[in-house]
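Here are the chains, one letter per residue:
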Amino acid sequence: MIKLLALLILITGPFAAGQEIVVAAAADMSAALPQLAANYTKKTGQPMKLSFGSSGNLTNQIRNGAPFDLFFSADEEYPQQLIAEGLASKDTLYRYAVGRLVLWVPNDSALDLTDLGIKALLEPSVRKISIANPSTAPYGRAAQAALRHFQIYDQVSSRLVFGENVSQAAQFVESGNAQAGLIALSHALAPAMKDKGRYWAVPLDAYPTLNQAAVVLSRSKQPNAARAFLEYLRTPEATSLLANYGFNLSGRDIQAEKH
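On a predicted model such as this, the values are computed, not experimentally measured, just so you know.

What is the right way to read the overall build of the chain from this model?
Helix and strand content of the chain: 12 helices and 10 strands. Relative to its 259 residues, the chain shows a buried fraction of 55%. In the chain, once contacts between residues fewer than 6 apart in sequence are set aside, the share between residues at least 24 apart is 78%. Of the roughly 11,300 Å² of accessible surface on the chain, 52% is carried by carbon and sulfur atoms.

Right, dumping it as structure tokens:
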């Protein structure tokens, strides 16, 4: 694996100098991926450009010809759709993590997440609950599924506010525009939010597994360079950084189990 990475860097290096790898990535990667990209650029000299959004919206942009080389999705469904449509290379599909959904509240919230868990959302003080748009964001669909799993969806549905993606859902609750949010663990662990609130990890069996996957796109102008970056994601350095944001292949993480 490391030898392949070195070979790909050697092959693409002279041609890729000054040519960016353009990456479309699910919004839950907005804290981790810039660090991964910076580390990779430092090691290889390969410049990278990152674009974040909901997985569904990015998929539509790819269908409409957006000039991305790589796509990181919050689930495997969207990459599989692109593969079926001939817009992504099947042999590059790589599941890099299982995403985790958490209920996050600011530090000054009186909600007792430890005792109540997701049913804290039934408290009268929770006037707005932020989630990602379920029509385009896997985390939004996961949030809806969790609310239905715990049989409280009908009681709280009128209080849901939708972010365009899970990053915006996190911003709503961080800014106080919502009193609670069902967001990605990666945002809860990011420096911008880590010390501002606390979270309860939604049990894995409460929502469809968020198998997060990356794939090289068929229209990529730098497919070899894109493949090399995917190989880098398999290295101990990259997997360790991803783990700092709650990303691993089991979906379980010691940090995630701290309610």
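So what exactly am I meant to see when it comes to the pattern of salt bridges here?
In a structure, side chains of opposite charge can pair up when their charged atoms sit close to one another. This model, assessed by the stated rule, comprises 7 salt bridges. For the salt bridge of Lys196 with Glu174, the shortest nitrogen-to-oxygen distance reads 2.8 Å. With Lys196 in the loop between helix 10 (191-194) and strand 9 (197-201) and Glu174 in helix 8 (residues 166-174), the pair connects residues that are 22 residues apart, well separated along the chain. On the accessibility criterion, Lys196 (45% relative accessible area) is partly exposed. Residue Glu174 is classed as partly exposed on the basis of its relative accessible area of 29%.

Please clarify how unusual backbone geometry should be interpreted in this entry.
Both trends apply: most residues other than glycine have a negative phi, and most peptide bonds are in trans. Phi angles above zero are rare outside glycine, and Gln151 is one such case at about 60°. Mapped onto the elements, Gln151 comes out in the loop between helix 6 (138-149) and helix 7 (153-156).

In this structure, what is going on with the sheet that holds strand 5 (residues 101-106)? I would like to understand it.
As a general point, the strands of a sheet are linked pairwise by backbone hydrogen bonds and lie either parallel or antiparallel. Here we have 5 strands laid out as an open sheet, ordered 7-6-8-5-9, and mixed in their pairing. What marks the edges here is a single partner per strand, and that holds for strand 7 (160-163) and strand 9. Mean inter-strand twist for the sheet, computed between neighbouring axes without regard to direction, equals 30°. Alignment of strand 5 against strand 8 (residues 180-184), held across 4 bridges, turns out to be antiparallel. Across the sheet, the residue bridging to Val102 is Ile183, located in strand 8.

When you look at the packing of helix 3 (residues 55-63) against helix 4 (residues 77-84) in this model, what are you seeing that I'm missing?
Packed helices, taken two at a time, are described by the angle between their axes plus the distance between the axes. Relative orientation of the contacting elements helix 3 and helix 4 amounts to 15°, with a least axis distance of 10 Å. The orientation of helix 3 relative to helix 4 falls into the category roughly parallel. Judged by the sense of rotation from one axis to the other, the crossing of helix 3 with helix 4 is right-handed. For the pair helix 3 and helix 4, the contacting residues are Ser55, Gly56, Thr59, Ile62 and Arg63 in the first and Tyr78, Gln81 and Leu82 in the second. For the contact of helix 3 with helix 4, the per-class residue count stands at 3 nonpolar, 4 polar and 1 charged.

Before we go on, may I ask you to explain the nonpolar core in this structure?
In summary, soluble globular proteins display a tendency toward joint burial of nonpolar side chains. Counting residues in each nonpolar core, the largest one holds 78 residues, and the members touching the most others are Leu36, Phe72, Leu121, Leu182 and Phe229. Broken down by element, this core gets its largest block of residues, 6 residues, from helix 11 (residues 223-232). Sequence-distant contacts of Phe72, that is, excluding residues within four places in its chain, are made with Val23, Ala24, Ala25, Ala26, Met29, Leu33, Tyr96, Ala213, Ala214, Phe229, Leu230 and Leu233.

What am I meant to see in the packing of aromatic side chains here?
Applying the stated criterion across every chain yields a total of 6 aromatic pairs. When the centroid spacing of 6.1 Å and the interplanar angle of 65° are considered together, the rings of Phe150 and Trp200 count as edge-to-face. Placement of the pair is Phe150 in the loop between helix 6 and helix 7 and Trp200 in strand 9, with a sequence separation of 50 residues. Taken together through their ring pairs, the aromatic side chains of Tyr40, Phe72, Tyr96, Phe229 and Tyr232 make up a single cluster. We note Arg148 situated over the ring of Tyr153; from NZ or CZ to the ring centre the distance is 4.1 Å. Seen from the ring of Tyr94, Arg234 lies directly overhead, with NZ or CZ sitting 4.0 Å from the centre.

When you look at the confidence of the model for the chain in this model, what are you seeing that I'm missing?
Regions with low pLDDT should not have their predicted coordinates read in detail. Mean pLDDT over the chain: 91, with 89% of residues reaching 70 or higher. This model gives residues 1-17 a pLDDT under 50, and the stretch forms 21 contacts once residues within four places in sequence are excluded.

Before we go on, may I ask you to explain the environment of Thr41 in this structure?
Of note, Thr41 is situated in helix 2 (residues 32-44). Assessed through its relative accessible area of 28%, Thr41 is described here as partly exposed. Once you skip the residues sitting within four places of it in the chain, Thr41 turns out to touch Gln46, Pro47 and Met48.

Parameters at a glance
Residues numbered from 1 in each chain as written. Predicted model: local features only at pLDDT ≥ 70, side-chain atom pairs only at ≥ 80, totals over all residues. Heavy atoms only, no water. Helix = DSSP H or I, 4+ residues; strand = E, 2+ residues; numbered from the N terminus. Buried < 20%, exposed > 50% of the residue type's maximum accessible area, 1.4 Å probe, protein only. Contact = heavy atoms within 4.5 Å. Areas by Shrake-Rupley, 256 points an atom, 1.4 Å probe, with all protein chains shown as cover. Salt bridge = Lys/Arg side-chain N within 4 Å of Asp/Glu carboxyl O. Pairing = 2+ DSSP bridges. Axes fitted to C-alpha atoms, helices over the stretch in contact; angles between N-to-C directions. Parallel < 35°, antiparallel > 145°, perpendicular 65-115°, else oblique. Left-handed = near helix turned anticlockwise from the far one by under 90°. Nonpolar A, V, L, I, M, F, W, Y, C, P; charged D, E, K, R; others polar. Core = buried A, V, L, I, M, F, W, Y, C linked by side-chain atoms within 4.5 Å. Phe/Tyr/Trp six-rings, centres within 6.5 Å; stacked < 30°, edge-to-face > 60°. Lys NZ or Arg CZ within 6 Å of the ring centre and 35° of its normal. pLDDT = per-residue confidence, 0-100.

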